Every structure is written in structure tokens, then in C-alpha cells.
Amino acid sequence: MRVLVVEDEPMLADAIAEWLREETHAVDLAHDGAAALERIAVNDYDVVVLDRDLPRVHGDEVCREMVASECAARVLMLTAAAQLDDRVSGLSLGADDYLPKPFAFPELAARVLALGRRSRPAVPPVLRRAGITLDPARREVFRNGRFVPLSKKEFAVLTELLRANGAVVSAEQLLEKAWDEHADPFTGAVRLTILKLRRKLADPPVVQTVAGVGYRIA
């Protein structure tokens, strides 16, 4: 999934991003509300991890702007305030979930994954198609009962292909979801990852190329 982490404490932001990248997500960072709104306007995020007390533009206003613009990304709001009234007010702004600081990184990762499953359209917790079973929570892939060891990018690309449920996914879409904002749009990374993925999934071939359009798992 593509995740935006908005946190004004650089060390904490980097730690969250690193943890989520270990979970195979593509992660971008913003350290204030204005930068967050700029990135949300140009990137298609699945989940936004949003600190509430942000400089320049407050996290509450970022959340309001996302709702007003009908942004499809799910919002996990972070805050040092753990009172019930604070949680209720955060959710009333349009946040989908709320996590008080300090928090455990495994819990944050689990909440991000759960929110991603609720993105539009919603996807099941375990993805299955053409003999492939992918469990995002366990980060495991099986093909006809055989375990398939994948790199983080291979896992992320396969996840997006399975989420498409047979529809064609363009190279641009895969780059958007599996790589962060620093990825070169002219790179051959997607094609190379598809080649490696095909080799690891083995015969019969399951990842199809639709010439001039993209890739799909039929």
C-alpha cells in the first residue's frame, strides 16, 4: 500500500516510516500540515498516518480538508492526548482510527493494514486468485500450497495485482502503490520486478502482460 506519514518529530517520523517499509508498504513523509496537503493533492494514498498537533496547518484542518475534497485515503490519527473527548473529537473530524502516543509499532502497523483493507473498494484480509494465496498480515505467499519467498517490492507488486481482482494494473499504478515519491517514473523497476515475480511463482505462468496497458492475474 501507499502510506503518507505526517509527523513533526523527525526521529519518530523516520521510525514509523522504517517500520512500515519493513511491512512492504511504500511510505512518504511530511513534517507539517501544509506539506501533507501538498502530497495528498498529487498522490493516491491508501492510508494517511496523521499526527494531530502539527505546525503550519493543524492536523484537524488537514483531516477536514481531506474530507471536504472527498479524499479516499483512510486516516489514522496520532496524538499525545489520550482522553475520551480527544478521541471522539478526532473521529468526528473524519479520522477512521485513533492511536494515542506512546504506542507500540506492531499495533500501529496492524491498524494501518486494517485501514488499508477498508479502502475503496474493500479487500479481504487474505487475497486468493489463480492458485495464489497472499496473507498481508503474515507476509506469506503460497502458490498451489508451495511457499514462495518474495522480496518486499515483489510482495507489494503481487498484492496490488491481487487487489485488482483480475483487472489490468498499469506500470504507473504499480509504481504509485509499491514505490515512494522518490521513484523515477522512467525506471524499469516495475518490469524487472514483474520478471522476478514470474520466475518465483513458476509455471504455469499467471502474471499476464496486456500490451500497452499493464499487467494482470487472470
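The name recorded for the chain in an unreviewed UniProt entry is DNA-binding response OmpR family regulator, from Nonomuraea fuscirosea.

(A) Structural context of the pattern of salt bridges. The final tally for this structure, using the stated rule, is 18 salt bridges. R2 is the partner of D28 in a salt bridge, and the nearest nitrogen-oxygen pair spans 2.7 Å. In this pair, D28 is assigned in strand β2 (residues 26-30) and R2 in strand β1 (residues 2-6), connecting sequence segments 26 residues apart. Accessibility classification places D28 together with R2 in one group, the buried group. We note a salt bridge from R163 to E160, for which the minimum N-O separation is 3.8 Å. In this pair, R163 and E160 both sit in helix α6 (residues 152-163), 3 residues apart, roughly one turn of the helix. Of the two residues, R163 and E160, neither departs from the other in class, the shared state being buried. Counted as one network, the salt bridges with shared partners bring together D44, D46, E160, R163 and K177.

(B) Spotlight on the sheet that holds strand β8 (residues 140-143). What the 4 strands build is an open sheet, ordered β6-β7-β8-β9; its pairing is antiparallel. Of all strands in the sheet, those bounded by a partner on one side alone are β6 (127-129) and β9 (146-147). The pairing of strand β7 (residues 132-135) with β8 spans 4 bridges and is antiparallel. Its bridge partner being in β8, D135 is matched across the sheet by E140. Strands in contact with α6 are β6, β7 and β8; relative to β7, the strand with the most contacts, it is inclined by about 115°.

(C) Spotlight on the side chain of D60. Inspection of the secondary structure assignment puts D60 in helix α3 (residues 59-68). By relative accessible area, D60 is classed as buried at 13%. With residues near it in sequence (within four places) discarded, D60 still touches R52, M77 and L93.

The rules behind each value
- Residues numbered from 1 in each chain as written.
- Predicted model: local features only at pLDDT ≥ 70, side-chain atom pairs only at ≥ 80, totals over all residues.
- Heavy atoms only, no water.
- Salt bridge = Lys/Arg side-chain N within 4 Å of Asp/Glu carboxyl O.
- Helix = DSSP H or I, 4+ residues; strand = E, 2+ residues; numbered from the N terminus.
- Buried < 20%, exposed > 50% of the residue type's maximum accessible area, 1.4 Å probe, protein only.
- Pairing = 2+ DSSP bridges.
- Contact = heavy atoms within 4.5 Å.
- Axes fitted to C-alpha atoms, helices over the stretch in contact; angles between N-to-C directions.

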